[in-house]
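So the chains spell out like this:
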Amino acid sequence: AAGVIQSPRHLIKEKRETATLKCYPIPRHDTVYWYQQGPGQDPQFLISFYEKMQSDKGSIPDRFSAQQFSDYHSELNMSSLELGDSALYFCASSLVGRGWTDTQYFGPGTRLTVL
Amino acid sequence: GQQLNQSPQSMFIQEGEDVSMNCTSSSIFNTWLWYKQDPGEGPVLLIALYKAGELTSNGRLTAQFGITRKDSFLNISASIPSDVGIYFCAGVSSNTGKLIFGQGTTLQVKP
């Protein structure tokens, strides 16, 4: 079965640079969630989109923005990168048409390293 | 904000032993999920619980949704080396679907 696709898998950037992370949800899933996971930490919710509209916002810095496109893929844009942004970034998708409490399936993640 | 307390933080067991870990919350969740994560990889869904009191199995894994909807446990029977990893519980926000994770339980299995 098709899974969540994330690209790139690894990204190395310098401080103050920008980065764009992409997420392609499971086919027919209408909701995308972004999470950030620091070393030894649990994933922390950043932002989510349902049917191309922002549905919830967590602890996402103002330097970050995201959107969901007409084909349901999503992009997380990160500007003025800081050393503390180094983390694993996960995208998850679900089918909200079955209710907000339906299960989420995670992608393999993007490992961002800021030097 | 909502928090999940997961315990134990880590476990080191002998192959063949049974394992139990649990999660408690100060808030009610209508759905509990259990994930396993290997280093550098995305969390993989193990079991989903949708009803209070529900007991669900997936092979050697068994999980229960507490009757108060504020807790859940996961049992792994007859552990094998490939069970090694980090196990996370997660409560699903009924308003927006975002996940609130526990701190994780790191499992090590000695052959």
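Residues numbered from 1 in each chain as written. Chains lettered and ligands numbered in written order. Predicted model: local features only at pLDDT ≥ 70, side-chain atom pairs only at ≥ 80, totals over all residues. Heavy atoms only, no water.

(A) Molecular detail of the packing of aromatic side chains. Residues and elements named next belong to chain B. Under the counting rule described, the total for this entry stands at 9 aromatic pairs over all chains. For the ring pair Phe-88 and Phe-101, a centre distance of 5.9 Å and an interplane angle of 85° mean the geometry is edge-to-face. Of the two residues, Phe-88 sits in strand S9 (residues 85-92) while Phe-101 sits in strand S10 (residues 99-101), which places them 13 residues apart along the sequence. The pair Phe-88 / Phe-101 is uniform in exposure class, with both members buried. (Phe/Tyr/Trp six-rings, centres within 6.5 Å; stacked < 30°, edge-to-face > 60°. Helix = DSSP H or I, 4+ residues; strand = E, 2+ residues; numbered from the N terminus. Buried < 20%, exposed > 50% of the residue type's maximum accessible area, 1.4 Å probe, protein only.)

(B) Region of interest: the sheet that holds strand S8 (residues 71-76) of chain B. Residues and elements named next belong to chain B. Pairing is antiparallel across the open sheet formed by 5 strands, whose spatial order is S1-S3-S8-S7-S6. Strands at the two margins of the open sheet, each flanked by one partner only, are strand S1 (4-7) and strand S6 (55-58). Taking the axes of each pair of neighbouring strands and ignoring which way they run, one obtains an average angle of 15° across the sheet. Pairing geometry for strand S3 (residues 19-25) and S8, over 6 bridges, is antiparallel. Considered in S8, the bridge of Met-21 is made with Leu-74. (Pairing = 2+ DSSP bridges. Axes fitted to C-alpha atoms, helices over the stretch in contact; angles between N-to-C directions.)

(C) Up close: the side chain of Gln-6 of chain B. Residue and element names in this part refer to chain B. Within the secondary structure layout, Gln-6 lies in strand S1. A distance of 3.2 Å separates the side chain of Gln-6 from the side chain of Thr-105, its partner in a polar contact. Excluding residues that lie within four positions of it along the chain, Gln-6 makes contacts with Met-21, Asn-22, Cys-23, Trp-34, Tyr-87, Phe-88, Cys-89, Gly-102, Gln-103, Gly-104 and Thr-105. (Polar contact = N/O pair within 3.5 Å; in protein donor to acceptor, adjacent residues only side chain to side chain. Contact = heavy atoms within 4.5 Å.)

(D) Looking closely at the sheet that holds strand S3 (residues 19-24) of chain A. Residue and element names in this part refer to chain A. The sheet built from 4 strands is open, its strands ordered S1-S3-S8-S7 with antiparallel pairing. Either end of the sheet is taken by a strand with one partner, and the two such strands are strand S1 (5-7) and strand S7 (64-68). Between one strand and the next, the sheet's axes are offset by a mean angle of 15°, whatever the strand orientation. As defined by bridge partners, S3 adjoins strand S8 (residues 74-78) across 5 bridges and the pair is classed as antiparallel. In the strand pairing of S8, Thr-20 is matched with Asn-77.

(E) Molecular detail of the environment of Ser-48 of chain A. Residue and element names in this part refer to chain A. Here Ser-48 shows up in strand S5 (residues 44-50). On a C-alpha basis, the gap between Ser-48 and Ala-92 in space is 9.2 Å, while along the polypeptide they are 44 residues apart. Within the structure, Ser-48 has its side chain in polar contact with the side chain of Ser-55 (distance 2.7 Å).

(F) Expanded view of the pairing of strand S6 (residues 53-57) of chain A. Residues and elements named next belong to chain A. Relative to S6, S5 is paired through 4 bridges, and the arrangement is antiparallel. When the sheet's bridge partners are listed, Ile-47 is paired in S6 with Lys-57. As consecutive antiparallel partners, S5 and S6 are separated by 2 residues, and within that stretch Glu-51 has a phi angle of approximately 50°, a positive value.

(G) Quick look at the pattern of salt bridges. As enumerated under the stated definition, the model contains 8 salt bridges over all chains in all. Of the charged contacts, one joins Lys-98 of chain B and Asp-56 of chain A as a salt bridge, the two residues approaching to 3.9 Å between their closest N and O atoms. Of this pair, Lys-98 of chain B sits in the loop between S9 and S10 while Asp-56 of chain A sits in strand S6, on two different chains. With a relative accessible area of 15%, Asp-56 of chain A lands in the buried category. For Glu-82 of chain A, the salt bridge is made with Arg-63 of chain A, and the minimal N-O distance between the two is 3.4 Å. Linking Glu-82 of chain A in the loop between S8 and strand S9 (87-94) with Arg-63 of chain A in the loop between S6 and S7, this pair joins segments that are 19 residues apart in sequence. (Salt bridge = Lys/Arg side-chain N within 4 Å of Asp/Glu carboxyl O.)

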